[in-house]
Amino acid sequence: MARKKQSDGSGDMLAGTLDMMILKTLLAAPAHGHTIAHAIEKSSDEVLQVEHGSLYPALYKLENKGWIASFWGTSENNRRAKYYRITPDGRKQLSNERSRWESLVRAVGQVLGPVED
Amino acid sequence: MLWRRRRRQDRELAEELELYLAQEIEDNRARGMSADDARAAARKKLGSRALAREAVYEMNSVRWLDTVWGDLKYGLRQLRLSPGFAVTAILTLALGIGANTAMFELLNALRLRSLPVERPGEIMQVVVDGGIKGWGTSDGPYDATNPLWEEIRRNQQAFSKVFAWSRSGFLYGEGVQAKIIPGVLATGGMFSTLGVKPYRGRLLSEGDDRRGCAPGPTVISYGMWQREFGGQDSAIGAKLMLNDKLFEVVGVTPPEYLGLEVGNRFDVVVPHCVQHVWGDGLEQKHVWAVIVMGRLRPGWTEEKAAQHLKAASGQWFAAVPPTGYAASGMATWQRFRLTAAPAGTGVSGLREQYERSLWLLLGITSLVLVIACANLANLMLARAASREREMAVRLAIGASRKRLLAQVLSESLLLAAAGAALGAMLAGTLSRTLLWYLGNGKDEHQLDLSSDWRVLVFTTAVALATCLLFGLAPALRSAKADVAGTIHVGARGATAGRNQFLFHRFLIAGQIAVSLVLVVGALVFVRSFHKLTTVETGIRQEGVAVHFINFVPLKVAQEARLSMQRQLLDRVRSVPGIEHASTTTHVAMGGGSWALAFRAPDLPGKDGGWSRFTWASADYFKTMGIPLKAGRDFTDRDTPTSPHVVIVNEAFVRKYYGNANAIGRQFRTTGEPGYPPTPYEIVGVAGDTKYFDLREEMPPIAYAPQTQNPRVGPWIRIVTRSSIPAEDAIAAVQRVMQAEYPSVRMGQFVLRTMVEERLVRERLLAWVSGFFGALAVVLAMIGLYGVLSYTVARRRNEIGIRLALGSERRGIVRLVMVEVAVLVAVGVAAGGALTYMARQGVGSLLFDVTPTDPEMLVAAIAVLAFIAGAGSLIPAWRAAGVNPVVALRAE
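Just so we're clear, the structure is a prediction, and the values are computed from it rather than from any experiment.

Parameters at a glance
- Residues numbered from 1 in each chain as written.
- Chains lettered and ligands numbered in written order.
- Predicted model: local features only at pLDDT ≥ 70, side-chain atom pairs only at ≥ 80, totals over all residues.
- Helix = DSSP H or I, 4+ residues; strand = E, 2+ residues; numbered from the N terminus.
- Buried ≥ 20, exposed ≤ 12 C-beta atoms within 10 Å, placed from the backbone.
- Contact = placed C-beta atoms within 7 Å.
- Expected span 1.5 Å × (residues − 1).
- Bend = angle between axes of the 7 residues up to and from the residue.
- Domains from an automatic or database assignment.
- Nonpolar A, V, L, I, M, F, W, Y, C, P; charged D, E, K, R; others polar.
- Pairing = 2+ DSSP bridges.
- Axes fitted to C-alpha atoms, helices over the stretch in contact; angles between N-to-C directions.
- Parallel < 35°, antiparallel > 145°, perpendicular 65-115°, else oblique.
- Left-handed = near helix turned anticlockwise from the far one by under 90°.
- Core = buried A, V, L, I, M, F, W, Y, C linked by C-beta atoms within 7 Å.

1. What about the overall build of chain B?
Part 1: Secondary structure assignment for chain B yields 26 helices and 25 strands.
Part 2: Buried positions account for 42% of the 891 residues belonging to chain B.
Part 3: Long-range pairs, those at least 24 residues apart, make up 83% of the contacts in chain B with a sequence separation of at least 6.

Here it is as structure tokens:
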């Protein structure tokens, strides 16, 4: 169904990379959804745009898998906000994903070869 | 669990999204945007919040289950919007499915269900190959004489264990309270062969069945235990008086074991060997007395057992030849061979009698269900058409056709499920009522009608089939909606296309076709039944009662029996209200038969023949209202020692003497056990009567005087004609007998009632086919009315334009009626073909009517044409009443 494709969770990003970036962001400190999105956008120099249509399903999926946990706290401007933090399982998952990602990048790099101008 | 988490996360997510939005707006404002721009940019970045929520929601759902559940809820809501439609549909389906299930339950219990015994597939019955064809003497579905059974037991190789049994009524109790209960005589191996375990106490074993045994142990059924002993353990060891002998209850059979004869209950099981205390039946070599059954030896199959029996049984028959037969009779005996037949579903007279009728009734009820489905399909189609725009819009904004199909089908599924549930409840009552009906309103038959997996599968399959039958077409139609066309047409309004009604028309024509089959069936069965009840029997049945008097307890010596019979007859004749009384050995149309072969030297063209025989006393013909056409009645001068005389009926004369005068002619019967060869002289000719049942042609019958009957038993069957009603005559005779001969046992019935009760199958077919035929017609009429009303409503514009252009109202009526006429014509043609195809199934169940009787066909067509006319009158009239101005302005 047409709708399903949109809500697959990864948007334009490679499948699984958003999960990885969320985990990486949360490694620094617990954060709520908006902060996470901002952090990803900032650290990618605004190259990666995180739509909440992908962000929130990804957050809930990670939580259901037990890689992150949530708690309710107060946001910078004194609103009730749901904060996420990474769990030990999430850390393990992140390092796994990271090495997988790096080997993937290496592999793709080898296939493409040095840049020829 | 899942759905709870789903709901919580949905709630939380909504809040998070709010926060996100607020944060984004703030950020934007911080960058210097105006309030409005900040909000708009934030919204834009967020995109659809609903989509995000849905993604999380789905993540936590079992998707297809959720969809189905949603569809069902939607269907329920749709049905609640039109309760009239829902109720009608469910009730129609309940009736249809209920009737089908009821028939199936009966067939299942009667035909398909295995006996509750160990590995029923291994149980075989030993039967005479090709049947006994009326040879010898028999009062049940028996295939072996007792001496033959002993040969089988001694010599057979096919079975690891064998046993023999027969059914028998037992006089239970003493004196006035005594009553006849159904019982079974069984050899010792029965229960161990079947693997039936005792419910209480022990069952009969080989040790209880020794030749020449004295009355002793007996086993009672669970039903008898409950009825007579209140289910108390003290029943074990209790004494039972059966046929004036004292027995002791040693055990109870389990509740699910209803005996080997499906449909007929048993109360007691008595060892086979005991029979010798009541008579010499066990020694009789010409009396078919037992059913022989066995469990196949490991590794043996039905075919192997059959081959073994066929090959070996010639010797067994030769070893136990009956005596007293003429050479031709003996030749038949020597040709008999045994074979094996599966008996895992038990034996059943009820099955043989009613199985075909029940299959036929199942056919009728399924046709009714088909009509009901066609009706529903039409209704659903009309509903679908009125929602066509809705469907088109939904398609246009991206709904998938599959989803729409599923949604509309789920509505049908709901209807079918509700109908099936209600129908299943109805079925139990229906099947029980039917069984009660087959027993003429007495608890004669007992069947295990509890639902098993077959019934469940059947009902489910029927429900699903109906759902698809009436739901699929409308669903496909909805899902196929032509988006642009529908939205456009709906907006503008025009005539409905011809094709749109094609399927409706097809359904209506189909309904008429099936209705025709059912109406013809109903007419034919009702006619057949009517003919049977009014057929000329040759007997004036009104006022005739039959009294069977058993005077065994009087212990009358053999030589004195005749005078005892005379004494009883005279006493009955003198009861006030009795006009005529006579003895007879045979009750006409009672289902019994006694025939003897004879030789005669002076027959034109042959040297012998056979005739039914009845021994009766003087006045028999007056009592039964049979005219004496020539010669004389029996008189007191016909004594045991005077020359033997017979009165024959006209059929006898026609068959054997043609037009010649038969009085004074002589013939000689060939011998049978107990009936030595005897010369007879014809002294009279009586009118023809039925003998065995109502269906047969008037057969040749010879009546001989009771005084010259070679076998006079300690009982007498008296027929009376009374000036008072037969029921009162029965009561009067009973009073006299109880007062003067308190120890004799009596069985009495009204002849007319007995004859009617024997027509139960025909009556059942007539009633049920009549009922469903009428129902079919009503359904067809409703269907036609519905469809016409609908098409007329859809064609209002067209009709308005026609009228505006000068068409007469009569012309509009004609327009509608011609359409109906075409539908009826197509339907009738198809129905006629169907009827022709269905004719083989019913032929043998009919009396003096053929299933394709042109008269019946014409009558059925007339009924349907009339109904079609009636059903279309109102819509046609409504069409003619269309006001062109209103119709056209309404656009």
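On we go.
2. Structural notes on helix α24 (residues 809-842) of chain B
Since the α-helix turns once every 3.6 residues, residues separated by three or four places project in the same direction.
Residues and elements named next belong to chain B.
Part 1: Across its 34 residues, α24 extends 47 Å between first and last C-alpha, which sits within 8% of the 50 Å expected from 1.5 Å per residue.
Part 2: If you look at α24, its biggest bend is around 30 degrees, right at Tyr-836.
Part 3: Listed as buried for α24 are Ile-812, Val-816, Val-820, Leu-823, Val-824, Gly-827, Val-828, Gly-831, Thr-835 and Val-842.

3. A word on the domain arrangement of chain B
All names here are of chain B.
Part 1: Domain annotation for chain B reports domain 1 (2-61), domain 2 (79-113 + 349-492), domain 3 (120-344), domain 4 (512-535 + 758-891) and domain 5 (552-743).
Part 2: Spacing between the C-alpha centres of domain 2 and domain 4 amounts to 22 Å.
Part 3: Counting residues at the interface gives 22 residues for domain 2, matched by 24 residues for domain 4.
Part 4: At the level of elements, α11 (349-386) and α13 (401-438) are the ones that each hand at least two residues to the side of domain 2 that touches domain 4.
Part 5: When residues of the side of domain 2 that touches domain 4 are assigned to their parent elements, the largest contribution, 19 residues, is made by α11.
Part 6: Taken together, the residues of the side of domain 2 that touches domain 4 break down into 14 nonpolar, seven polar and one charged.

4. Regarding the pairing of strand β8 (residues 239-242) of chain B
All names here are of chain B.
Part 1: Residues of β8 alternate between two faces, with Leu-240 and Leu-242 buried on one and Lys-239 and Met-241 left unburied on the opposite face.
Part 2: Here β8 pairs with strand β9 (residues 245-252) via four bridges, running antiparallel. In the sheet register, Met-241 faces β9, and the bridge partner there is Leu-246.
Part 3: The turn linking β8 back onto β9 is made up of two residues, and Asn-243 within it adopts a positive phi angle of 50 degrees.

5. So, the sheet that holds strand β16 (residues 578-583) of chain B
Residue and element names in this part refer to chain B.
Part 1: If you walk across this open sheet you meet the four strands as β16-β24-β15-β25, and the pairing is antiparallel. The open sheet has two edge strands, β16 and β25 (745-750), and neither has a second partner. Sheet twist, expressed as the mean angle between neighbouring strand axes with direction ignored, is 20 degrees.
Part 2: When strand β15 (residues 544-550) meets strand β24 (residues 715-722), the two strands line up antiparallel, connected through seven bridges.

6. With respect to the interface of chain B and chain A
Part 1: If you look at the interface, chain B gives 22 residues, while chain A gives 19 residues.
Part 2: Residue assignment for the side of chain B that touches chain A shows that the elements contributing at least two residues are α1 (2-30) and α3 (49-59) of chain B.
Part 3: The element best represented in the side of chain B that touches chain A is α1(B), accounting for eleven residues.
Part 4: Residue composition of the side of chain B that touches chain A, grouped by class: eleven nonpolar, six polar and five charged.

7. A word on the packing of α24(B) against helix α25 (residues 854-880) of chain B
The angle between the axes and the distance between the axes are what describe a pair of packed helices.
All names here are of chain B.
Part 1: Two numbers describe how α24 lies on α25: the axes approach to 9 Å, and their chain directions differ by 150 degrees. Classified by the interaxial angle, the pair formed by α24 and α25 is roughly antiparallel. Crossing hand, α24 versus α25: right-handed. Where α24 abuts α25, its residues Arg-809, Ile-812, Val-813, Val-816, Met-817, Val-820, Val-824, Val-828 and Gly-832 lie against Leu-857, Ile-861, Leu-864, Ala-865, Ala-868, Ser-872, Pro-875, Ala-876, Ala-879 and Ala-880.
Part 2: A per-class count over the contact of α24 with α25 returns 16 nonpolar, two polar and one charged.

8. Remarks on the sheet that holds strand β2 (residues 68-74) of chain A
All names here are of chain A.
Part 1: Ordered by their spatial adjacency, three strands build an open sheet running β1-β3-β2, and the pairing between neighbours is antiparallel. Pairing within the sheet leaves two strands with one partner each, and these edge strands are β1 (31-32) and β2.
Part 2: With seven bridges joining them, β2 and strand β3 (residues 80-86) adopt antiparallel strand pairing. The residue bridging Gly-73 from the neighbouring strand is Ala-81, located in β3.

9. Thoughts on the nonpolar core
Soluble globular proteins tend to pack their nonpolar side chains together in the buried interior.
Residue and element names in this part refer to chain B.
Part 1: Core analysis: the biggest nonpolar cluster contains 120 residues, and Val-368, Ala-776 and Leu-864 have the highest contact counts within it.
Part 2: Among the elements that take part in this core, α11 stands out by supplying 22 residues, more than any other.
Part 3: In this structure Val-368 touches Gly-96, Ala-99, Leu-518, Phe-772, Leu-775 and Ala-776, once residues within four positions along its chain are discounted.
Part 4: The next biggest cluster of nonpolar side chains, apart from the first, holds 62 residues, and it includes Leu-194, Leu-204, Ala-289 and Leu-338.

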